[in-house]
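Observations on the three-dimensional arrangement
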2 protein chains.
Amino acid sequence: MEAADRLLTPGEVAALFRVDPKTVTRWAAAGRISSIRTPGGHRRFRESEVRALLEGEAALNA
Amino acid sequence: MEAADRLLTPGEVAALFRVDPKTVTRWAAAGRISSIRTPGGHRRFRESEVRALLEGEAALNA
DNA sequence: TGTCATTAGGGTAATTTGGGAC
DNA sequence: ACTGTCCAAATTACCCTAATGA
């Protein structure tokens, strides 16, 4: 189940979705996307999940 | 309890958290993560603790 | 012994967080 | 209901040189 997938920064995820990093933070806070926190409190996102979200929407639209 | 206390280098821990190796060093200096010092002063981290940090945060986010 | 990638250290930008408001 | 922007504070990233590790 758990793959050693890479982690993405909020800025990277925001760039992929073409939204503001703040919006990504809101998604994480709302539980719409799972996040990992560094000991310092910063968030990291699973690339596999982000990609599934991106491609998933596209698939549903086809 | 099967603590696979394999030791990880700052670079390896940094890769897992998707942060800079210097950041891992800062965590150790701040006491956010326990570290072992080599006689030469370099730091090593317990894999079990690092993994608990990663997976622990993720599990809370179900 | 020598090589070479990694790490420590200190200092300065850039990013992220959190909150509330529009 | 959702997003972008403002703010201040904290965390993280990148710059360098010297030492350590394998």
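By the naming in an unreviewed UniProt entry, chain A is BldC family transcriptional regulator, taken from Planosporangium thailandense.

1. Examining the side chain of E47(A)
Residues and elements named next belong to chain A. Note on placement: E47 falls in helix 3 (residues 47-61). At 2.8 Å, the side chain of E47 forms a polar contact with the side chain of R6. Once residues lying within four places of it in the same chain are set aside, the contact partners of E47 are R6 and L8.

2. As for unusual backbone geometry
What you tend to see is this: most non-glycine residues have negative phi, and most peptide bonds are trans. In the Ramachandran plot, R18(A) falls in the positive-phi region, its phi being about 60 degrees despite a non-glycine side chain. By relative accessible area, R18(A) is classed as exposed at 76%.

3. Observations concerning the nonpolar core
Of all hydrophobic cores here, the largest spans 14 residues; its most connected members are V13(B), F17(B), V24(B), F45(B) and V50(B). Excluding residues that lie within four positions of it along the chain, V50(B) makes contacts with L8(B), V13(B), L16(B), F17(B), I33(B) and F45(B). Counting residues in each nonpolar core, the second largest holds eight residues, with L8(A), A28(A), I33(A) and V50(A) among its members.

Reading the values: the criteria
- Residues numbered from 1 in each chain as written.
- Chains lettered and ligands numbered in written order.
- Predicted model: local features only at pLDDT ≥ 70, side-chain atom pairs only at ≥ 80, totals over all residues.
- Heavy atoms only, no water.
- Helix = DSSP H or I, 4+ residues; strand = E, 2+ residues; numbered from the N terminus.
- Polar contact = N/O pair within 3.5 Å; in protein donor to acceptor, adjacent residues only side chain to side chain.
- Contact = heavy atoms within 4.5 Å.
- Buried < 20%, exposed > 50% of the residue type's maximum accessible area, 1.4 Å probe, protein only.
- Core = buried A, V, L, I, M, F, W, Y, C linked by side-chain atoms within 4.5 Å.

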